[in-house]
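Geometric and topological summary
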Amino acid sequence: MTKKSPTASKAASAAKPCFEVRRSPIHGNGVFARRKIKAGERIVEYEGERITSDESGIRAEEGGGPVNHTFFFSLADGNIIDGGSGGNDARFINHACEPNCEAYEEDGRVFIHALHDIDKGEELYYNYALIYEERHTAAVKKLFACRCGAPSCTGTMLAPKKRARKKQ
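Everything in this summary refers to the structure shown in the same document.

Here we take up the nonpolar core. What tends to happen in soluble globular proteins is that the nonpolar side chains get buried as a cluster. Of all hydrophobic cores here, the largest spans 35 residues; its most connected members are Ile37, Ile43, Ile118, Leu124 and Tyr126. Mapped onto this core, the elements with two or more residues apiece are strand S2 (29-33), strand S3 (42-46), strand S9 (109-114) and strand S10 (125-126). Among all residues touching Ile118, those that are not within four sequence positions of it are Ala33, Arg35, Lys36, Ile37, Ile43, Asn100, Cys101 and Leu124.

Dropping the structure here:
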């Protein structure tokens, strides 16, 4: 019988993610803290295939419509990370109107950070604030319905449309 050195054990536990994916009471799969996560801690990088905005439109249409945009992460340069193609578990972090995480883009990469301390077993969320250029009809809002249950829930994962300024 061989024993692991204390250093090897620490390295093995350090490689273990601080979260796990399991069924969510909010929607489908969710991501849950395996241990306490400190405020400001970098949790995971959002990974996937990098595609153009035009390609994301084609993929969304082939997938049956705009609801598939929930695995798309827009980058500052106009490109998209498609978490549904070559992505990792970060794609299962659900939306909430009162999130405990936030996404930051650094040098074209997206990282999810804790906004405040997150307890072991708590589900991780960030506000998707999805941009949908077309009219926000009741049917579209239903496709992007929010189920977070927060007191301040807006009922949708869509970012509010910017209002056009009146001409004077």
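Let us look at the pairing of S9. Of all six residues making up S9, five are buried, and the element is well covered by its neighbours. For strand S8 (residues 101-106) and S9, the ladder comprises six bridges, and the chain directions are antiparallel. From the neighbouring strand, Glu106 faces S9, where its bridge partner is Arg109. The hairpin turn running from S8 into S9, its antiparallel successor, is two residues long, and Asp107 in that turn takes a positive phi close to 50°.

Strand order in the open sheet formed by three strands is S3-S9-S8, and the pairing between neighbours is antiparallel. Here the strands that pair on one side only, and so sit at the sheet edges, are S3 and S8. When the angles between neighbouring strand axes are averaged without regard to direction, this sheet yields 30°.

Our focus in this paragraph is the packing of aromatic side chains. All told, the structure shown has four aromatic pairs when counted by the stated rule. Ring geometry for Tyr46 against Phe73: centres 5.1 Å apart, planes inclined by 50°, an arrangement best described as tilted. Taken together, the positions of Tyr46 in strand S3 and Phe73 in strand S5 (residues 72-74) put the pair 27 residues apart, joining distant regions of the chain. Take Tyr46 and Phe73: they sit in the same class, and that class is buried. Arranged with centres 6.1 Å apart and planes meeting at 45°, the rings of Phe73 and Tyr126 form a pair that is tilted. With Phe73 in strand S5 and Tyr126 in strand S10, this residue pair connects regions lying 53 residues apart in the sequence. A relative accessible area of 6% places Tyr126 in the buried class. These aromatic residues form a ring-pair network of at least three members: Tyr46, Phe73, Tyr126 and Tyr128.

Criteria and thresholds
Residues numbered from 1 in each chain as written. Predicted model: local features only at pLDDT ≥ 70, side-chain atom pairs only at ≥ 80, totals over all residues. Heavy atoms only, no water. Core = buried A, V, L, I, M, F, W, Y, C linked by side-chain atoms within 4.5 Å. Buried < 20%, exposed > 50% of the residue type's maximum accessible area, 1.4 Å probe, protein only. Helix = DSSP H or I, 4+ residues; strand = E, 2+ residues; numbered from the N terminus. Contact = heavy atoms within 4.5 Å. Pairing = 2+ DSSP bridges. Axes fitted to C-alpha atoms, helices over the stretch in contact; angles between N-to-C directions. Phe/Tyr/Trp six-rings, centres within 6.5 Å; stacked < 30°, edge-to-face > 60°.

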